[in-house]
Amino acid sequence: MSNDLNPIFKKLSGMPEGQFFEESYFYLVRVFYEDTDVGGVVYHANYLKFFERARSSLLNSLEINQQDLLTKKKLKFVVRELNLKIVNSFKLNDLILIETRLKYAKNSCINLEQLAWSVNKEVQKDILKVKSDIQIVMIDNRNKVKKIKDILFHPFFNNKVN
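Heads up: these notes are all about the structure in this document. (Residues numbered from 1 in each chain as written. Predicted model: local features only at pLDDT ≥ 70, side-chain atom pairs only at ≥ 80, totals over all residues. Heavy atoms only, no water.)

Topic: the packing of aromatic side chains
Worth spelling out the cut-off: Centres within 6.5 Å are what make two rings of Phe, Tyr or Trp a pair, Trp counting through its six-membered ring; a difference in plane orientation under 30 degrees is then read as stacked, over 60 as edge-to-face, and the rest as tilted. For the purposes of this entry, the term helix denotes a DSSP run of H or I that reaches at least four residues, the term strand denotes a run of E that reaches at least two, and both are numbered from the N terminus. Partly exposed describes any residue whose relative accessible area lies between the buried limit of under 20% and the exposed limit of over 50%, with all areas from a 1.4 Å probe on protein chains only and scaled to the type maximum. Lysine and arginine charges are scored as sitting over a ring when NZ or CZ, respectively, is within 6 Å of the ring centre and within 35 degrees of the ring normal.
Tallying each qualifying case throughout the model produces 3 aromatic pairs. Pairing phenylalanine 20 with tyrosine 25 gives two aromatic rings, centres 4.8 Å apart and planes at 65°, and the pair type is edge-to-face. For the ring pair tyrosine 47 and phenylalanine 50, a centre distance of 6.3 Å and an interplane angle of 85° mean the geometry is edge-to-face. Taken as a pair, tyrosine 47 and phenylalanine 50 lie in helix 2 (residues 44–61) at a separation of 3 residues, close to a single helical turn. Using a relative accessible area of 1% as the deciding quantity, one classes tyrosine 47 as buried. Residue classification places phenylalanine 50 among the buried positions, given a relative accessible area of 1%. One aromatic cluster in this structure is built from Tyr47, Phe50 and Phe90. If you follow lysine 129 out to its NZ or CZ, it ends over the ring of phenylalanine 90, 4.9 Å from the centre.

In structure tokens form, the structure reads like this:
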């Protein structure tokens, strides 16, 4: 057996983290044992982690490098407001399709809707189980909110920037 993992790494690194479709960004997550409570359902705080991963993946896909913003411009995205509604919990080994949609963007904030869908056998979104409305702002080192309009150049933000 060869120790050369380069072909495998190339294949994995070429896989998209998520995918744009129409006006949404989709990101797939599998529920692992560490994500569940003693009853085998996803612990409520982990939905926030799943949604954060989807938002970070979205920013990566938009070629907005959060590390560069932090190190070069001393700017970072933070959550200002969050509303989470759990209609029905996911369980161990479930696949979760997270859909992120832009509600609107202003000079200083981005408002997103994130939906966690179950996935059916045809790998299509099935039942909406968790919903989140979130407002993101960009702050500097002194925690002052900064304008973000400069980074809203991607078509994902088209027609929804005020």
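On we go.
Describing the environment of aspartate 133
For the record, the criterion: We define a polar contact as two N or O atoms separated by no more than 3.5 Å, with the added condition that, inside protein, one atom must be a possible hydrogen donor and the other a possible acceptor, whereas residues neighbouring each other in sequence contribute only through side-chain atom pairs.
By secondary structure assignment, the location of aspartate 133 is in strand 6 (residues 125–139). Sequence separation between aspartate 133 and leucine 84 is 49 residues; the distance between their C-alpha atoms is 6.7 Å. One polar contact links aspartate 133 to lysine 103, side chain to side chain, over a distance of 3.2 Å.

Comments concerning the nonpolar core
Across soluble globular proteins, nonpolar side chains have a tendency to be buried as a group. Formally: Throughout, nonpolar core names a set of buried Ala, Val, Leu, Ile, Met, Phe, Trp, Tyr and Cys residues whose side chains join them through atoms within 4.5 Å. The contact rule is simple, with two residues in contact once any of their heavy atoms fall within 4.5 Å.
Phe77, Phe90, Ile96, Ile98, Ile110 and Phe157 are the most contacted members of the largest nonpolar core, which totals 33 residues. Those elements that provide at least two residues to this core are strand 2 (24–30), helix 2, strand 4 (95–105), strand 5 (109–119) and strand 6. Broken down by element, this core gets its largest block of residues, 6 residues, from helix 2. If near-sequence neighbours (up to four positions away) are discounted, isoleucine 96 is found in contact with Tyr27, Leu28, Val29, Val31, Phe50, Phe90, Ala116, Trp117 and Val119.

Focus on the layout of surface pockets
So the rule is basically this: The definitions used throughout rest on a 1 Å grid laid over the protein atoms alone, on which a cavity is an enclosed set of points accommodating a 1.4 Å probe that cannot get out and a pocket is an open set flanked by protein within 12 Å on both sides along at least five of seven lines; lining residues are those having an atom within 4 Å of a point. Grid points are joined across faces, edges and corners, and a volume is the space filled by probe spheres set on the points. Polar here means any residue outside two lists: the nonpolar Ala, Val, Leu, Ile, Met, Phe, Trp, Tyr, Cys and Pro, and the charged Asp, Glu, Lys and Arg; Gly therefore counts as polar.
Size it by volume and the largest pocket reaches roughly 320 Å³. Along the walls of the largest pocket sit 14 residues, with Phe21, Phe26, Leu97, Val123 and Lys125 positioned nearest its centre. With 4 residues, strand 2 is the largest single contributor of residues to the lining of the largest pocket. A breakdown of the residues in the lining of the largest pocket according to their chemical character gives 6 nonpolar, 2 polar and 6 charged. Of the voids in this model, the second largest pocket is the one considered here, and its volume is about 210 Å³.

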